[in-house]
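# Coordinate analysis (summary)
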Amino acid sequence: HGDAQWQDVVRWSAKMWITYKGISREEASRITAPTLIVLGDRDWAYPIEDALVLLRLLPNAEFAIVPGSDHMRPVDEPTILAHILIDFFDRH
């Protein structure tokens, strides 16, 4: 694993970000699986307003805002995200 694995992840992710066109509102509204949207209230990558649009499109979505958090806090402090995920999984 190690460095080679991370290089693969970066290559796959870069391709996805460059070529991904997104899904339509109609496609999103057909996703019926329980979905959790987690966002920090200080997230520099995804504005809360954009996440709310997605929340309203997905019929079984829930929204969790992590106070005082930016985009990387779940990586830096994974226990915060773990508690949110455990709660969601316990209910679904």
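Details of the structure are given in the entry above.
For the structure given in this document, a descriptive report is provided here. (Residues numbered from 1 in each chain as written. Predicted model: local features only at pLDDT ≥ 70, side-chain atom pairs only at ≥ 80, totals over all residues. Heavy atoms only, no water.)

### A look at the overall build of the protein
Convention followed: The numbering of helices and of strands both runs from the N terminus, where a helix is a DSSP run of H or I of at least 4 residues and a strand a run of E of at least 2. Exposure classes here rest on a 1.4 Å probe applied to the protein chains alone. A residue is buried below 20% of its type maximum, exposed above 50%, and partly exposed in between. Note on contacts: a residue pair qualifies if any of its non-hydrogen atoms lie within 4.5 Å across the two residues. Residue burial considers only the protein chains on display, and all accessible areas are found by Shrake-Rupley using a 1.4 Å probe. Positive residues here are Lys and Arg, negative ones are Asp and Glu, while His and the chain termini are left out of the count. Charged side chains are reduced to one point each, which is NZ for Lys, CZ for Arg, CG for Asp and CD for Glu.
Helices and strands together make up the secondary structure of the protein, namely 5 helices and 2 strands. Listing the helices and strands of the protein from first to last along the sequence gives α-α-β-α-β-α-α. Sorting the 92 residues of the protein into buried and exposed places 14% on the buried side. Contacts spanning at least 24 positions in sequence make up 70% of the contacts within the protein whose residues lie at least 6 apart. Looking at the protein as shown, the accessible area adds up to about 7,200 Å², and 60% of this sits on carbon and sulfur atoms. Computed over 9 positive and 14 negative side-chain charges, the separation of the two mean positions in the protein equals 7 Å.

### Considerations on the pairing of strand 2 (residues 61-66)
Test applied: In this analysis, strands are considered paired if DSSP registers two or more bridges between them. Viewed with both strands pointing away, a crossover whose connecting path from the first strand over the helix to the second turns clockwise is right-handed.
Bridging between strand 1 (residues 35-40) and strand 2 involves 6 bridges; their strand directions are parallel. When the bridges of strand 2 are listed, L39 appears paired with I65. The parallel pair strand 1 and strand 2, bridged by helix 3 (residues 48-57), forms a crossover whose chirality is right-handed.

### Topic: the side chain of D43
What counts is decided by this rule: By definition, a salt bridge exists where a carboxyl oxygen of Asp or Glu is found within 4 Å of a side-chain nitrogen of Lys or Arg. Polar contact is defined as a pair of N or O atoms within 3.5 Å, subject to the rule that within protein one atom must be able to donate a hydrogen and the other to accept it, and that residues adjacent in sequence are counted only when both atoms are side-chain atoms.
Turning to its location among the elements, D43 is positioned in the loop between strand 1 and helix 3. Although buried, D43 forms no salt bridge, and the nearest oppositely charged side chain, R42, lies 11 Å from it. At a separation of 2.7 Å, a polar atom in the side chain of D43 contacts the main-chain amide nitrogen of A45. In this structure the side chain of D43 is engaged in a polar contact, spanning 2.9 Å, whose partner is the side chain of H71. If near-sequence neighbours (up to four positions away) are discounted, D43 is found in contact with S69, D70 and H71.

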